[in-house]
Amino acid sequence: MRVAIVGQGYVGLPLAVAAAEAGHTVVGIDNDGARVGLLNHGTSPVSDVSSASLTAVIASGNYQASDSFSSVSTVDVICVCVPTPLDSSGAPDLSLFSSAMEAVGANLGASALVIIESTISPGTTRGLASSILNSVSRHSDFELVYSPERIDPANTKWNVKNTPKMVAGLTSEGTDRAVRFYSSFVSSVTVGSSVEVIETAKLLENSFRLVNISFVNELAVFCSKMGIDVREVIDAAATKPYGFMPFYPGAGVGGHCIPVDPSYLVAKAREIGAPMRFIDLANEVNVSMPSFFVGKAEGMLGSLSGKKILVVGVAYKPDVSDVRETPASGLIALLRKNGAVVSWHDHLVLEWNGESSVPLASDYDLVVLVNPHSSVDLSVLDGVPVLNTRGGV
Ligand SMILES: NC(=O)c1ccc[n+]([C@@H]2O[C@H](COP(=O)([O-])OP(=O)(O)OC[C@H]3O[C@@H](n4cnc5c(N)ncnc54)[C@H](O)[C@@H]3O)[C@@H](O)[C@H]2O)c1
């Protein structure tokens, strides 16, 4: 099939490469011209896609990147994978999504299949997305489908090809066409009875993680006051072979999904007058975690004024270079507000907020582990007191 994937980021690029490897002819559309240049030179800006595999699909003739939407008019399938963040008030910001849908609609050819992969609120496919396409497209015979991406950056076991895909279209024909497309490179495809079921299922998945992480963060505070190790408690509970799934504590939650997507569910819940209290409470707990860890640091050092503190791992989770919504941000700000002289080390991030990663060294008063990568060697910190936000000693 001829395929256009709009948005060549953490979601769109792995999808584009997987489709190209399956033999489809793929155009990766992105409005960031610098990124397009990088991609066409075979340089992958996304850690889950190697430059070697990108170069291979370019060489096969099955992939090219473009900052123009013109190819949309000649493709069979268009997948929309653009960011759906929150605005400054914490409400869904669909401006990038709407502008991408408008550009897709303005260029749509006859009988196109449009698949939305971005995370959106329930009702958005049938409502906003459909109405944008209907108002700007010259063709009314398009099919519109929702199929959320489930990618987990840095997960070495689950990827685009072996993670089951969920799909639901506004019509059964659209659903069938999407199932045929994804089945050509994804091992398992589940069909929902409506787009609203699948839109809500995606938000359930990420809200489930948010709520459970926040619960374990509260448990971490409890365990600290009890003088027991929360990590040991979780690992003991996880020996139960059914009905329990381990989640681990930290300085909060980060990334483009877990702190963001549940607010898309909350927004819809408010609109229809349904209670969604767990998500608000989870956000409240997570936002309070930096203050808990600053209190722990004060418990270890006394006043933080002038104390040299090294934060290790500023990415939003271990083994990724992504700093979007990282909980390290709030923690570092609060440590500094309390007078500490804070440096940070992250060999995958290197530059962040106009600052640079510093080498690991032993001349600190305290080391705070936020999201240390699995390859980091902490042995050089020998003798420095450690505060591990992820639990464990
Ligand atoms: N990152 C994840 O782990 C993950 C997992 C599952 C779902 N999602 C969802 O997938 C969507 C995309 O997330 P992402 O992490 O890939 O974002 P990203 O920021 O990594 O990539 C998005 C890309 O889209 C481009 N873009 C933005 N607006 C555009 C437009 N109007 N036209 C063309 N290109 C445009 C940007 O330049 C960028 O390269 C979001 O809705 C997100 O919630 C993300």
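Here the structure is shown first, and the text comes after it.
Calculation notes
Residues numbered from 1 in each chain as written. Predicted model: local features only at pLDDT ≥ 70, side-chain atom pairs only at ≥ 80, totals over all residues. Heavy atoms only, no water. Phe/Tyr/Trp six-rings, centres within 6.5 Å; stacked < 30°, edge-to-face > 60°. Buried < 20%, exposed > 50% of the residue type's maximum accessible area, 1.4 Å probe, protein only. Lys NZ or Arg CZ within 6 Å of the ring centre and 35° of its normal. Core = buried A, V, L, I, M, F, W, Y, C linked by side-chain atoms within 4.5 Å. Helix = DSSP H or I, 4+ residues; strand = E, 2+ residues; numbered from the N terminus. Axes fitted to C-alpha atoms, helices over the stretch in contact; angles between N-to-C directions. Parallel < 35°, antiparallel > 145°, perpendicular 65-115°, else oblique. Left-handed = near helix turned anticlockwise from the far one by under 90°. Contact = heavy atoms within 4.5 Å. Nonpolar A, V, L, I, M, F, W, Y, C, P; charged D, E, K, R; others polar. Near = heavy atom within 4 Å. Polar contact = N/O pair within 3.5 Å; in protein donor to acceptor, adjacent residues only side chain to side chain. Areas by Shrake-Rupley, 256 points an atom, 1.4 Å probe, with all protein chains shown as cover. Expected span 1.5 Å × (residues − 1).

Colleague: How would you explain the packing of aromatic side chains if you had to name every residue and give the values?
Modeller: Following the criterion strictly, the structure yields six aromatic pairs and no others. Ring geometry for Phe292 and Phe293: centres 5.0 Å apart, planes at 65 degrees, overall edge-to-face. Classification of Phe293 as buried rests on a relative accessible area of 4%. Lying across the ring of Tyr182, Lys165 places its NZ or CZ 4.7 Å from the centre.

Colleague: Outline the nonpolar core, supporting the account with residue identities and numerical values.
Modeller: Counting residues in hydrophobic clusters, the biggest one holds 32 residues, and the most contacted among them are Tyr63, Cys79, Ile115, Phe181, Tyr182 and Phe185. Elements represented by at least two residues in this core include exactly β1 (2–6), α1 (12–21), α2 (33–40), α3 (51–59), β3 (63–66), β4 (77–80), β5 (113–116) and α6 (172–183). If you tally residues by element for this core, the top one is α1, at seven residues. One finds Phe69, Val80, Met101 and Leu108 within the second-largest nonpolar core, a separate group that totals 30 residues.

Colleague: I'd like a description of the packing of helix α9 (residues 261–272) against helix α10 (residues 277–301), backed by residues and values.
Modeller: Relative to each other, α9 and α10 sit at 140 degrees, their axes nearing to 9 Å. One element, α9, and the other, α10, form an angle in the oblique class. The two elements α9 and α10 meet at a crossing, and its hand is left-handed. Packed against α9, whose contacting residues are Pro262, Ser263, Leu265, Val266 and Arg270, the element α10 presents Ile279, Asp280 and Asn283 at the interface. Its residues assigned to classes, the contact of α9 with α10 shows four nonpolar, two polar and two charged.

Colleague: Provide a residue-level description of the environment of Val167, including the pertinent values.
Modeller: Its location among the elements puts Val167 in strand β7 (residues 165–169). A relative accessible area of 0% means that Val167 is categorised as buried. Spatially, the C-alpha atom of Val167 lies 6.1 Å from that of Gly192, the residues being 25 residues apart in sequence. Leave out the neighbours within four places in its chain, and Val167 touches Val145, Tyr146, Ser147, Thr175, Ala178, Val179, Tyr182, Val189, Thr190, Val191, Gly192 and Ile198.

Colleague: Would you mind going over the site of the ligand in detail, with residue names and values included?
Modeller: Not every one of the 28 residues close to the ligand is listed here, only the nearest: Tyr10, Val11, Asp30, Thr84 and Thr119. Within the contact set of the ligand, an oxygen atom lies 3.4 Å away from a backbone nitrogen or oxygen of Val82. Thr119 places a main-chain nitrogen or oxygen 2.9 Å from an oxygen atom of the ligand. In the complex, the protein chains occlude 92% of the 840 Å² of accessible area that the ligand would expose alone.

Colleague: If you had to explain α9 to someone new, which residues and values would you point to?
Modeller: Across its 12 residues, α9 extends 18 Å between first and last C-alpha, which sits within 8% of the 16 Å expected from 1.5 Å per residue. Of all the residues in α9, the buried ones are Asp261, Pro262, Ser263, Tyr264, Leu265, Val266 and Ala269. Contact partners of the buried residues in α9: α7 (195–226) and α10. Note on α9: the residue one or two positions beyond its end, Gly273, has a positive phi of about 75 degrees.

Colleague: With reference to specific residues and values, describe the side chain of Thr125.
Modeller: Within the fold, Thr125 resides in helix α5 (residues 125–136). Within polar-contact distance, the side chain of Thr125 engages the side chain of Glu199 at 2.6 Å. Contact partners of Thr125, with chain neighbours within four places excluded, come to Ile116, Ile120, Ser130, Leu144, Tyr146, Val195 and Glu199.

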